[in-house]
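Residues per chain are reported as follows:
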Amino acid sequence: MGTALIYDEEMTKYKLLWVDPACKIEVPERLSVSYEALVRTGLSDRCVSVPPREASDAEILLVHSEEYLEGVKKTPHMTLEDLKEFTLQYGDVYFHPNIYHCAKLAAGSALQLVDSVMTGKVRNGMALVRPPGHHSMRSAASGFCVFNNVAIAARYAKQKHGAERVLIVDWDIHHGQGVQYCFEDDPSVLYFSWHRYERQKFWPNLRESDYDSVGKGSGAGFNVNVPWNEVGMENSDYLSVFCHVLLPVAYEFCPDLVLVCAGFDSAIGDPEGEMCATPDIFAHLTHLLMNLAGGKLCAVLEGGYNLTSLAQSVCQTVQTLLGDPLPQLANLRSPCESALESLQCVRSVQRRYWSILKHAADSATTDVSNKRIKLAKAEEEKAETAEDERSQEEKVWPEPAERLRPPVCSASVLPDDAACPDGLKRLVSSKDLGPLLVSRIRNRSMEDAGDADGVATFSRLYTLIEKMRTNEIGNGVALVPDVAAAVECVVQDLGSDLVSRVLVVCVGKEELNYATADGKMLVVQISGEDKEEQKGKYYIPVCLKKGCGDTVGFIQAVFGLLLPLGYEYDPGLVLLVRMPGSGVGDCMWQQLIGLLKGFAKGHTLVLMQTNDGACMGPTASALLGHPAPPLQELLTPLPDDGGALERMRERLQADWKMLQTTVSSGN
Ligand SMILES: NCCCNCCCCCC(O)(O)C(F)(F)F
Ligand SMILES: [Zn+2]
């Protein structure tokens, strides 16, 4: 299934008709520049073009009041003076004779997108719209927004398509208060927003944008606010919040549909956000949401005012929706202290609503935050004097790297009698390994089970890894007689000279704690075995008391440990090893394969034991990029696993900064 793209130049046909410094950044070129970039890069041709339509009155009234709609309806016939007068009753927004028409098209575009995804016409999609929507409220326009496109889309998805749970992820740098108000007492719509806040000093300056607004009544816990109290947030800050807050909660919520308030003023260069995250971060943020709701994801444009970073960010988002390999995120750093404080505060208030966060450390107690406020004030005084005048427009960042689709998406290395799953290319050619390697392989305990000559298997493995390195092949799966020996061979003999760092994810028990001291390999092993004592910086055994069948524990390990570690380690190859008898469920297994694509440009090699071929189908499906089926609604985790995991994370965070979720007590 494809990716929908909704755009119509009609939505560029309104603009600011008078002087208003607060609104001058919202220009028609935002839309045309974004669309032209998609055309120039060839991405628009790869999408399914879906036309917008006007939202009907009834659809607009799903969120807005009659009196508000009646008022907006009058604007096309107003004189310039009347328009100005009408605008004065709202904040940081402007009206134009054609904005009502465009606002109906923007809302209608979001509905067209929901229809296309919910009916299965496409898997996912993006709507490039103006005016944006997430600030507009039931009876008020605000922050360039007239109708709340995404809020209307959420209500519409429930009413028309029977969606029971809708997740709204708002990565725009402003708080979508309009969305929060709309759903704050509604447990069927989970609203997540991060936003520049600066302790209420940043627009819209609302007390209720802080992390302690968690929703009301039966909606408590279904509103998640992550305030950024400083500018300059980077990729690592954004990824930490996704791994340690949004994704665990989103997986527990188990939505039927994901809507994204896709604002790109959270990217570097934007005059509003003043953040430092690069456009390729949106490739990863999109990817991390794509295995929810069976892949049903609708991204609707909100903000974004630096035309260069906006266009790049839109392209990164659409290219990921299309399933292209992800860019490698360069040198992630530790989340900054301010981000850690926000992270800790959010997790501490949300832990009482989400069992998956139950073991989160307690809140950044008042003294910590008071201390930070004192620190911040001191910083402020200092900073004000040395305020560097360089505007956001002069910020420079590297053009996002090309993300080339390999000629072969997925390959397989199988015993001659094993059937090759549809869509996979069977590797038969075996590269001549040369005498040295052959002798080493022969020396390995290669007691073969039906495999005439272990060397054949390994030469094909070698070929597969070589072709991943040259990007001729995206990913692959190998059925081998002896997985442990295969891992040893791949890592010790093949992997090392082919790729610099290999992330080995082992599911199930097996002795895999090779000499990993040199950092060439990071082994994360998820099993029912407690190997705590063998732990080292590069060998991280995660013990799930109930074994790998414990979905909640597994998800906690994936988001709390595996993904942050993987981002920080930044491997050139991912080796996913499935030990026989691991007990991991097929859905979880597919989710894991889907999520691991975020690393090494998608170069994942799955190793399975020949007699474990039963899950070859789900493995192939995930490797080919089909979205993983939703995990059964996650049950309450076993108390001991969550606690053990938190303790392990705290111990490891000295070595691995991306594991941090609390302000370091030292500072
Ligand atoms: N320095 C100018 C002050 C501007 N203050 C209002 C900011 C509105 C932001 C709108 C947005 O970006 O959130 C949306 F997505 F809705 F477009
Ligand atoms: Zn914004």
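For the structure itself, consult the block above.
Residues numbered from 1 in each chain as written. Chains lettered and ligands numbered in written order. Predicted model: local features only at pLDDT ≥ 70, side-chain atom pairs only at ≥ 80, totals over all residues. Heavy atoms only, no water.

Novice: What is the right way to look at the overall build of the protein in this model?
Specialist: Along its length, the protein carries 19 helices and 16 strands. A globule of 667 residues ought to have a C-alpha radius of gyration of about 26 Å, and the protein, at 25 Å, matches this closely. In terms of principal-axis extent, the alpha carbons of the protein reach across some 85 × 55 × 45 Å. Looking at the protein as a whole, 63% of its 667 residues qualify as buried. Across the protein, contacts joining residues at least 24 apart in sequence account for 78% of those joining residues at least 6 apart. Treating the 63 positive side-chain charges of the protein as one cloud and the 88 negative ones as another, the clouds have centres 2 Å apart. (Helix = DSSP H or I, 4+ residues; strand = E, 2+ residues; numbered from the N terminus. Rg over C-alpha atoms; globule rule 2.2 N^0.38 Å. Buried < 20%, exposed > 50% of the residue type's maximum accessible area, 1.4 Å probe, protein only. Contact = heavy atoms within 4.5 Å. Lys, Arg positive; Asp, Glu negative; His and termini not counted. Charge placed at Lys NZ, Arg CZ, Asp CG, Glu CD.)

Novice: Is there a simple way to think about the environment of E274 in this case?
Specialist: Assignment of secondary structure puts E274 in the loop between strand 7 (257-262) and helix 9 (281-289). Judged by relative accessible area, E274 falls into the partly exposed class, the value being 29%. Expressed as a C-alpha distance, the spacing of E274 and E230, which sit 44 residues apart in the sequence, is 9.4 Å. Side chain to side chain, E274 and R196 meet in a polar contact 3.0 Å long. (Polar contact = N/O pair within 3.5 Å; in protein donor to acceptor, adjacent residues only side chain to side chain.)

Novice: What's the story with the site of ligand 1 in this structure? I'm lost.
Specialist: Neighbouring residues of ligand 1: 16 residues in total, closest D92, H134, H135, E272 and Y305. In this structure, an oxygen atom belonging to ligand 1 sits 2.8 Å away from a side-chain N or O atom of H134. For ligand 1, an oxygen atom lies 3.1 Å from a polar atom in the side chain of H174. Protein coverage of the free-state accessible area of ligand 1, which is 460 Å², stands at 86%. (Near = heavy atom within 4 Å. Areas by Shrake-Rupley, 256 points an atom, 1.4 Å probe, with all protein chains shown as cover.)

Novice: Looking at this structure, I do not really get the sheet that holds strand 11 (residues 473-480). What am I missing?
Specialist: Strand-to-strand pairing in sheets goes through backbone hydrogen bonds, with the strands running parallel or antiparallel. Read from one edge to the other, the open sheet built from eight strands follows the order 10-9-11-16-15-12-13-14, with strand pairing classed as parallel. Edge positions in the sheet fall to strand 10 (425-426) and strand 14 (539-543), since each has one partner strand and no second. As paired elements, strand 12 (residues 502-507) and strand 13 (residues 521-527) share six bridges and run parallel to each other. Bridge pairing in strand 13 links V502 to M521. Of the strands in this sheet, strand 9 (408-413), strand 11, strand 15 (573-578) and strand 16 (604-609) touch helix 14 (residues 454-469), which is tilted by about 165 degrees from strand 11. On the sheet, helix 18 (residues 616-623) packs against strand 9, strand 11 and strand 16 and is oriented at approximately 165 degrees with respect to strand 11. (Pairing = 2+ DSSP bridges. Axes fitted to C-alpha atoms, helices over the stretch in contact; angles between N-to-C directions.)

Novice: Explain the coordination of the zinc ion (ligand 2) to me, please; I cannot follow it from the model alone.
Specialist: Six octahedral donors at a metal ideally form angles of 90 or 180 degrees, and four tetrahedral donors ideally form angles of 109.5 degrees. Note on the zinc ion (ligand 2): its protein donors are D172 (OD), D172 (OD), H174 (ND1) and D265 (OD). The metal-donor distances range over 2.0 to 2.6 Å. Between consecutive donor residues of the zinc ion (ligand 2), the sequence gaps follow D-x1-H-x90-D. Separated by 91 residues along the polypeptide, H174 in the loop between strand 4 (166-170) and helix 7 (177-183) and D265 in the loop between strand 7 and helix 9 bring together distant segments of the chain. Exposure class is identical for H174 and D265. Each is buried. (Donors = N, O, S within 2.8 Å, 3.2 Å for Na, K, Ca; no water.)

Novice: In this structure, what is going on with the packing of aromatic side chains? I would like to understand it.
Specialist: Geometrically, a pair of aromatic rings is defined through the distance of the ring centres and the angle of the planes. Under the defined criterion, the tally for this structure stands at 26 aromatic pairs. Ring centres of F144 and Y305 lie 5.8 Å apart, and the angle between their planes is 75 degrees; this geometry places the pair in the edge-to-face category. You can see F144 sitting in the loop between strand 3 (124-127) and helix 6 (149-161) and its partner Y305 sitting in the loop between strand 8 (297-301) and helix 10 (307-321), a full 161 residues away along the chain. Each of the two residues, F144 as well as Y305, counts as buried. Consider the rings of W194 and W228, whose centres lie 5.8 Å apart with planes at 50 degrees: the pair is tilted. With W194 in strand 5 (residues 189-196) and W228 in strand 6 (residues 223-228), this pair connects stretches of sequence that are 34 residues apart. Both residues of the pair, W194 and W228, count as buried. Taken together, the aromatic side chains of Y68, F86, Y90, F95, Y100 and F147 make up a single cluster linked through ring pairs. One residue, R501, lies across the ring of Y569, its end atom 5.9 Å from the ring centre. Above the plane of the ring of W589 lies R578, whose end atom (NZ or CZ) is 4.9 Å from the centre. (Phe/Tyr/Trp six-rings, centres within 6.5 Å; stacked < 30°, edge-to-face > 60°. Lys NZ or Arg CZ within 6 Å of the ring centre and 35° of its normal.)

Novice: Help me understand the packing of helix 8 (residues 235-253) against helix 11 (residues 337-350) in this model?
Specialist: Any two packed helices are characterised by how steeply their axes cross, that is the angle between the axes, and by the distance between the axes. At their nearest, the axes of helix 8 and helix 11 sit 11 Å apart, and the two run at 15 degrees to each other. Our classification of the angle between helix 8 and helix 11 gives roughly parallel. The crossing of helix 8 and helix 11 is right-handed. Across the interface between the two elements, D237, S240, V241, H244 and V245 from helix 8 touch A339, L343, V346 and R347 from helix 11. A per-class count over the contact of helix 8 with helix 11 returns five nonpolar, two polar and two charged. (Parallel < 35°, antiparallel > 145°, perpendicular 65-115°, else oblique. Left-handed = near helix turned anticlockwise from the far one by under 90°. Nonpolar A, V, L, I, M, F, W, Y, C, P; charged D, E, K, R; others polar.)

Novice: How do you make sense of the sheet that holds strand 7 when you look at a structure like this?
Specialist: Read from one edge to the other, the open sheet built from eight strands follows the order 2-1-3-8-7-4-5-6, with strand pairing classed as parallel. Only two strands of the sheet have a single neighbouring strand rather than two, namely strand 2 (48-49) and strand 6. Here five bridges tie strand 7 to strand 8, and the two strands are oriented parallel to one another. Counted as the bridge partner of V260 is A299 from strand 8. Running at roughly 170 degrees to strand 7, helix 6 makes contact with strand 4, strand 5, strand 7 and strand 8 of the sheet.

Novice: Mind showing me how you'd approach the pattern of salt bridges here?
Specialist: Opposite charge on two side chains permits pairing when their charged atoms draw close. Per the counting criterion, the structure on display carries 26 salt bridges. The residue R165 makes a salt bridge to E164 at a minimum N-O spacing of 3.8 Å. For R165, a relative accessible area of 16% gives the class buried. Between R469 and E466 there is a salt bridge; the shortest N-O distance is 3.1 Å. One end of the pair, R469, and the other, E466, are both in helix 14, three residues apart, so they sit about a helical turn from each other. For R469, a relative accessible area of 44% puts it in the partly exposed group. Here the salt bridges share partners, and the residues they tie into one network are E9, E10 and K13. (Salt bridge = Lys/Arg side-chain N within 4 Å of Asp/Glu carboxyl O.)

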